[in-house]
Amino acid sequence: MVFVCMASPEVAEAFRVKAQAPQAFICDPDRKLYEAFSLRRATLGQVFAPKVILRSFVAARHGAGRPESDPMQLGGAFVIDQSGEVVWSQRQRDVSDNASASAIAEALDDANSGEGSSGVPKMMGQAE
């Protein structure tokens, strides 16, 4: 598992240590990977919607600070199999729409067992 962020290597490493994450971080301040995965920029409604503001307050109470990079860039989560095929993805619908750890873990398990590699990316919420 690898995380991609727009932060500097120093900021990403400080976050990785604070989060106690053993995973590697790829720093992509120019957003080349975001573009490669066709991740869009948010509209004002996707940044300032009531549920986003509420989740921002909750995140701040848990220690999240101000964004270090482009707050308008939407993110996503992708599972890529051994052949380089995206077998599962979830693109953010707004800036608070993050894939759950359990959904990613399930997608990783499916990829490791060969499920979801039918040539069509398995999308979150897609019927089996």
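Rules and cut-offs
By convention here, each chain's residues receive numbers from 1 onward along its written sequence. Owing to the predicted nature of the model, reporting of local features is limited to residues with pLDDT of at least 70; listing and counting of side-chain atom pairs is limited to 80 or more, with chain, interface and lining totals taken over all residues. Hydrogens and waters are ignored; side-chain quantities use all the structure's heavy atoms. Note on definitions: salt bridges are taken to be side-chain nitrogens of Lys or Arg within 4 Å of carboxyl oxygens of Asp or Glu. Comment: elements are numbered from the N terminus, with helices defined as DSSP H or I runs of at least four residues and strands as E runs of at least two. Relative accessible area decides the class of each residue, using a 1.4 Å probe on protein chains only: under 20% of the type maximum gives buried, over 50% gives exposed, and in between gives partly exposed. Within the patch definition used here, like charges are joined within 9 Å and nonpolar side chains (Val, Leu, Ile, Met, Phe, Trp, Tyr) within 5 Å, considering only residues with over 30% relative accessible area and no salt bridge. In these tables, accessible area is a Shrake-Rupley quantity obtained with a 1.4 Å probe, and a residue counts as shielded only by the protein chains included in the view. Each pair of strands is called paired provided DSSP finds at least two bridges between the two strands. Handedness is read with the strands pointing away from the viewer; a crossover is right-handed when the path from the first strand over the helix to the second is clockwise.

On to the pattern of salt bridges. All chains considered together, the criterion is met by four salt bridges. Its salt-bridge partner being Arg16, residue Glu13 comes within 2.8 Å of it at the nearest N-O pair. Pair noted here: Glu13 and Arg16 are both in helix H1 (residues 9-18), with a separation of three residues, about one helical turn. For Glu13, a relative accessible area of 37% corresponds to the partly exposed category. A salt bridge links Asp70 to Arg41; the shortest N-O distance between them is 2.0 Å. Within this pair, whereas Asp70 is found in the loop between helix H4 (50-61) and strand E3 (76-80), its partner Arg41 is found in the loop between helix H2 (32-36) and helix H3 (44-48), the two being separated by 29 residues in sequence. Residue classification places Arg41 among the partly exposed residues on the basis of a relative accessible area of 42%. A single salt-bridge network, built from bridges that share partners, covers Arg31, Arg41 and Asp70.

The next point concerns a nonpolar patch on the surface. Residues Val2, Val4, Ile26 and Leu33 make up a contiguous nonpolar surface patch of about 280 Å² in total accessible area. Of note, Leu33 is situated in helix H2. With relative accessibility at 31%, the residue Leu33 sits in the partly exposed group.

In this section: unusual backbone geometry. In this structure, Gln20 is a non-glycine residue whose phi angle is positive, near 55 degrees. The phi angle at Ser38 is positive, at roughly 55 degrees, despite the residue not being glycine. Among the secondary structure elements, Ser38 is positioned in the loop between H2 and H3. Judged by relative accessible area, which is 52%, Ser38 ranks as exposed.

Turning next to the pairing of strand E1 (residues 2-5). As defined by bridge partners, E1 adjoins strand E2 (residues 24-27) across four bridges and the pair is classed as parallel. Residue Cys5 lies in a different strand from E2, and its bridge partner there is Cys27. Crossover handedness for the path E1 to H1 to E2: right-handed.

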